[in-house]
Amino acid sequence: MPFYKTSDRTDPFAGKLGAMLGTAQRNRPALVLLVVMVASFAGLLLVPPIPQDQSYHQFADQRALLGVPNFWNVVSNLPFIAVGAAGLSRFHRHAGTCVLFLGIFLTGFGSSYYHWNPNDGTLFWDRLPMTLCFMAILAVIVEERVSAKAGPILLWPLLAIGLFSLLVWSRTDDLRLYVWVQFFPCMAVPLMFLLFPPKYTGTSYWLIAAALYALAKLLEFYDGAVFSVGSILSGHTLKHLAAAAACFAILRYFMKRRPIT
């Protein structure tokens, strides 16, 4: 007769340990994303204050037309209004997409207002709606790729951080937090695309939008160089058109996406 009796039940400790390891394995991508966020945010403390460069307001194309100063930099914002209005008319019932397309819509007005009279005061109203866009995109991607519950919850604190970054800049002339608000989504979104599978079709539209946004930043940097080629349109004017095209690609994504089963 054996000295012990073998149990046919699984060891409860081993079961709990296995469940914990499984949960940790599933949450590893989210933890990587959280570490990147905290590390990038903490890195701001290592960077000296970044004041607003006043030469930023000196755009290459300052031609007036029909009584409108800096005409082409002003009117090239009209596509933002069109894309934003189209998005709001179709996707206003969801908080994330509503804020996103509202930001695109208001960017058309804010950027036009700024370029009519470029200075730090008007620049605030140019950057405010763009901040809504950056934070809304981040929240939407979190919702679609990471957690359907976390995305809508994160939207509001992200918007608060974006607004706070602009208030800090306007009071202290320090752009560090605003730079983080603008560029952290540029790091986090590709990371989420790599770490988490899509729940909807149409990822290619996001890739097109990213490529167009990169082109927009390149055109902005070479504003004068582009304008020097025939003095037709400046890099900054073309930047508006490229950025609006990126917004249109995002609009097409929401129009064409389908759940992946």
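Residues numbered from 1 in each chain as written. Predicted model: local features only at pLDDT ≥ 70, side-chain atom pairs only at ≥ 80, totals over all residues. Heavy atoms only, no water.

### With respect to the overall build of the chain
- A tally of regular secondary structure across the chain gives 10 helices and 0 strands.
- Starting at the N terminus and walking to the C terminus, you meet the elements of the chain as α-α-α-α-α-α-α-α-α-α.
- Each of the 261 residues in the chain was classed as buried or not, and the buried ones make up 40%.
- Pairs at least 24 apart in sequence give 73% of the contacts found in the chain among residues at least 6 apart.
- As displayed, the chain has an accessible area near 14600 Å², and 72% of this comes from carbon and sulfur atoms. (Helix = DSSP H or I, 4+ residues; strand = E, 2+ residues; numbered from the N terminus. Buried < 20%, exposed > 50% of the residue type's maximum accessible area, 1.4 Å probe, protein only. Contact = heavy atoms within 4.5 Å. Areas by Shrake-Rupley, 256 points an atom, 1.4 Å probe, with all protein chains shown as cover.)

### Observations regarding helix H6 (residues 150-172)
- With 23 residues, H6 should reach 33 Å at 1.5 Å per residue; the first-to-last C-alpha distance of 32 Å fits that figure.
- In H6, a bend of some 25 degrees at tryptophan 156 exceeds every other bend along the element, and proline 157, a proline, comes one to four places later.
- Regarding H6, the residues found buried are Gly151, Leu155, Leu158, Leu159, Gly162, Ser165, Leu166 and Trp169.
- Tucked inside the fold, the buried residues of H6 contact helix H4 (95-116), helix H5 (120-146) and helix H7 (176-195).
- A positive backbone phi angle near 55 degrees is found at aspartate 173, which sits one or two residues after H6. (Expected span 1.5 Å × (residues − 1). Bend = angle between axes of the 7 residues up to and from the residue.)

### Things to note about helix H8 (residues 203-221)
- Compared with an ideal rise of 1.5 Å per residue, which puts 19 residues at 27 Å, H8 spans 28 Å between its outermost C-alpha atoms and is within 8% of the ideal.
- Among all positions of H8, only Trp206, Ala209, Ala216, Leu219 and Glu220 are buried. Down the axis of H8, the buried side of the element spans an arc of 140 degrees, and every buried residue falls inside it. Exposed positions of H8 whose direction lies more than 90 degrees from the buried face are Leu207 and Phe221.
- Its buried side turned inward, H8 meets H5, H7, helix H9 (223-227) and helix H10 (235-256). (Arc of directions from axis to C-beta.)

### What about the pattern of salt bridges?
- Within the structure shown, the criterion is met by 5 salt bridges.
- Close ionic contact of aspartate 61 with arginine 63 constitutes a salt bridge, the shortest N to O distance being 2.8 Å.
- Where lysine 217 meets glutamate 220, a salt bridge forms, and the shortest distance between an N and an O atom there is 3.0 Å. Of this pair, lysine 217 and glutamate 220 both sit in helix H8, 3 residues apart, roughly one helical turn.
- What emerges from the salt-bridge pattern is a single network uniting Lys217, Glu220 and Lys239. (Salt bridge = Lys/Arg side-chain N within 4 Å of Asp/Glu carboxyl O.)

### Observations concerning the nonpolar core
- Counting 57 residues, the largest nonpolar core has Leu100, Phe101, Ile104, Met192, Trp206 and Phe254 as the members making the most contacts within it.
- If you list the elements that add at least two residues to this core, you get helix H3 (78-91), H4, H5, H6, H7, H8 and H10.
- Ranked by residues supplied to this core, first place goes to H5 with 14 residues.
- Discounting chain neighbours no more than four positions away, the residues touching isoleucine 104 are Phe80, Ile81, Val83, Gly84, Cys133 and Cys247. (Core = buried A, V, L, I, M, F, W, Y, C linked by side-chain atoms within 4.5 Å.)

### Focus on the packing of aromatic side chains
- Counted according to the given criterion, the structure contains 14 aromatic pairs.
- With a centroid separation of 5.9 Å and 50 degrees between ring planes, the pair formed by phenylalanine 91 and phenylalanine 254 is classed as tilted. Here phenylalanine 91, found in helix H3, pairs with phenylalanine 254, found in helix H10; they are 163 residues apart in sequence, far enough to count as distant. The residues phenylalanine 91 and phenylalanine 254 share a single accessibility class, namely buried.
- Between phenylalanine 105 and phenylalanine 109, the aromatic rings sit 5.2 Å apart at their centres with planes inclined by 70 degrees, giving edge-to-face as the arrangement. Within this pair, phenylalanine 105 and its partner phenylalanine 109 are both found in helix H4, separated by 4 residues, close to a single helical turn.
- Note on phenylalanine 109: relative accessible area 45%, which makes it partly exposed.
- Aromatic ring contacts, followed pair by pair, group Phe91, Phe101, Phe193, Trp206, Tyr253 and Phe254 into a single cluster.
- The ring of tryptophan 169 carries the charged tip of arginine 127 above its face, separated from the ring centre by 4.9 Å.
- For the cation-ring pair, arginine 257 lies above tyrosine 200, with the distance from its terminal atom to the ring centre recorded as 4.2 Å. (Phe/Tyr/Trp six-rings, centres within 6.5 Å; stacked < 30°, edge-to-face > 60°. Lys NZ or Arg CZ within 6 Å of the ring centre and 35° of its normal.)

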